[in-house]
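# Residue-level structure breakdown
As a plain string of letters, each chain reads:
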Amino acid sequence: MWDFSTEPEFQKKLDWMDVFIREEVEPLDLVFGGHAYRDMDDRLRGIVEPLKRQVRDQGLWACHLGPELGGQGYGQLKLALMNELIGRSGWAPVIFGCQAPDTGNAEIIAMYGTAEQKERYLQPLLNGECFSAYSMTEPHAGADPRLFRCRAVRDASGDWVISGEKYFTSNASSATFLIVMAVTDPEAHPYKRMSMFLVPSDTPGVEILRNIGTIGERPGHGAHAHIRYDDVRVPPEALLGEEGGAFAVSQARLGGGRIHHSMRTVAAVKKAFDMMCERVLSRQTHDGLLADKQMVQAAIADSYIQIQQFRLMILHTAWLIDQSSTREARTQIAACKVAAARVFHDVVYRAMHIHGALGVSNETPLARLWQSAPLMGIMDGPTEVHLASISRRVLRGYSPAEGPWPTEFLPDRIAAARAKYGLSERG
Ligand SMILES: Cc1cc2nc3c(=O)[nH]c(=O)nc-3n(C[C@H](O)[C@H](O)[C@H](O)COP(=O)(O)OP(=O)(O)OC[C@H]3O[C@@H](n4cnc5c(N)ncnc54)[C@H](O)[C@@H]3O)c2cc1C
């Protein structure tokens, strides 16, 4: 059976993180909001860099990668416990060197990169010296990558020339390099058509057309770039992984990214839940505390149950990855990803609603959290696509029944069971 207890030495690290995040990191969210990337200027760097140093001194920097991949990770289960604290703050991932999309990007460079690629791209990423972006989704196709059109053509010199458009490339404006998925052989099997490229952001022809915002952001002021790749020339060494191997690389990347994001979601929903509990114990209405109203009690209890289920699912999945691999645990990871979006939606909505007008104001983090709820069911693949793949894999463990009755309850089987206990056919 699985065991989620952690050793006393690591518990001390978690206790340190708990205090550090509360006292040193969460104040950044209170003053500067939750957008650690876009707002990073010299003044903020002056605040953030010393905090990063403290994290490094504790041996807690960039823990998403294991030592064999160039990081100093403790495995997924411990990472899940760490992320339950890191997810409380929009700034903590940057300060702990584990912010998306850099974590997933670092993972695939560690897994598929050559020694030169690791030195040039992975090391600075792990050192927190640069940011990166992942450029896969196109304006006309997202959930079905077989429809992507962005092309990379090898010319006579051996260089690759990339042309096409991508959008929702998060944090591209802050990125030193982009990981771009492009069609290299349109005639190949749909899953062998594309390759992955490491492209420095300042390569001629990389043009950020605009930054797309999401709910609540002013048009043109978001973090998700619409990029035109206009005959972007990169050398053969820019290929990440095998030619035609982009699907495998992207699957490896998204598996890790999804579970890490789900781990941090535990912290976010716990934060909303804590606020809700505090509120119902303090607010009087209609002759009593909110906490004494049965419908409010149901909201508290339902949230508690959902969070407990979700947290255990995350810890179990993290444990499973440690025992096997991200690939082996992909059904569970997809289930966590779907659950994360749903639990987040439900708990944050209840917390916001129970805070009344204050809940929908911008005086608490609840309205900002709520704006992310619809995003969570879309980014890293829509909920429906995950549900379909969970169902497909779960059903592989079953066979069709031989007739209209479920196999367990076949009349012959019931008759045999009755005979076994000496019961008459009818009695
Ligand atoms: C906040 C955010 C950050 C993102 N960051 C990045 C990034 O850094 N890099 C990047 O490349 N992309 C990024 N994306 C894009 C994301 O990966 C895509 O939005 C996602 O894959 C869905 O693609 P789409 O938007 O084109 O939707 P579509 O593929 O058009 O799907 C639209 C809707 O159709 C339905 N649907 C789709 N397929 C199925 C199906 N098989 N069965 C049933 N229903 C279906 C779903 O309801 C889905 O939401 C980001 C998106 C968001 C919201």
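This is a predicted model, so every value here is computed, not measured.

Once that is clear, we can look at the site of the ligand. Tyr 134, Thr 137, Phe 168, Ser 170 and Glu 384 are the nearest of the 16 residues found near the ligand. Measuring from a nitrogen atom of the ligand, one finds a backbone N or O atom of Phe 168 at 3.1 Å. If the ligand stood free it would expose 970 Å²; the protein chains cover 66% of that surface. Sorting the residues of the shell around the ligand by element identifies strand E1 (132–135), strand E3 (160–170) and helix H12 (383–395) as the ones contributing at least two each. Here the shell around the ligand is composed, by residue class, of 10 nonpolar, five polar and one charged. Residues lining the shell around the ligand come from more than one domain, with at least three contributed by each of domain 2 (132–240) and domain 3 (248–395).

Attention shifts here to the side chain of Arg 258. When you line up the elements, Arg 258 lands in helix H7 (residues 246–282). No salt bridge is formed by the buried Arg 258; the nearest opposite charge belongs to Asp 380, separated by 5.1 Å. For Arg 258, the contacting residues outside a window of four places in its chain are Gln 251, Ile 333, Lys 337, Asp 380 and His 386.

A word on the UniProt feature "domain: Acyl-CoA oxidase/dehydrogenase middle" (unreviewed entry) in the protein. This chain's UniProt record puts "domain: Acyl-CoA oxidase/dehydrogenase middle" (unreviewed entry) on residues 133–231. Taken end to end, residues 133–231 comprises 0% helix and 47% strand; its first and last C-alpha atoms sit 19 Å apart.

Quick look at the environment of Thr 364 now. Take Thr 364: it is sitting in the loop between helix H10 (356–360) and helix H11 (366–376). Along the backbone, Thr 364 and Ala 272 are 92 residues apart, and their C-alpha atoms lie at a distance of 10.0 Å. Polar side-chain contacts of Thr 364 include one of 3.1 Å to the backbone nitrogen of Leu 366.

Turning next to helix H1 (residues 8–32). In this model, H1 (25 residues) spans 35 Å end to end at C-alpha, consistent with the 36 Å of a helix rising 1.5 Å per residue. The largest bend along H1 reaches roughly 45° and is located at Ile 21. Turning to H1, its buried residues are Phe 10, Leu 14, Met 17, Phe 20, Ile 21, Val 25, Glu 26, Leu 28 and Asp 29. On its buried side, H1 packs onto helix H2 (42–57), helix H3 (76–86), helix H4 (92–95) and H7. Looking at the residues trailing H1, positive phi occurs at Gly 33, about 75°.

Calculation rules
Residues numbered from 1 in each chain as written. Predicted model: local features only at pLDDT ≥ 70, side-chain atom pairs only at ≥ 80, totals over all residues. Heavy atoms only, no water. Near = heavy atom within 4 Å. Polar contact = N/O pair within 3.5 Å; in protein donor to acceptor, adjacent residues only side chain to side chain. Areas by Shrake-Rupley, 256 points an atom, 1.4 Å probe, with all protein chains shown as cover. Helix = DSSP H or I, 4+ residues; strand = E, 2+ residues; numbered from the N terminus. Nonpolar A, V, L, I, M, F, W, Y, C, P; charged D, E, K, R; others polar. Domains from an automatic or database assignment. Buried < 20%, exposed > 50% of the residue type's maximum accessible area, 1.4 Å probe, protein only. Lys, Arg positive; Asp, Glu negative; His and termini not counted. Salt bridge = Lys/Arg side-chain N within 4 Å of Asp/Glu carboxyl O. Contact = heavy atoms within 4.5 Å. UniProt positions renumbered as here; feature names shortened; annotations may be inferred. Expected span 1.5 Å × (residues − 1). Bend = angle between axes of the 7 residues up to and from the residue.

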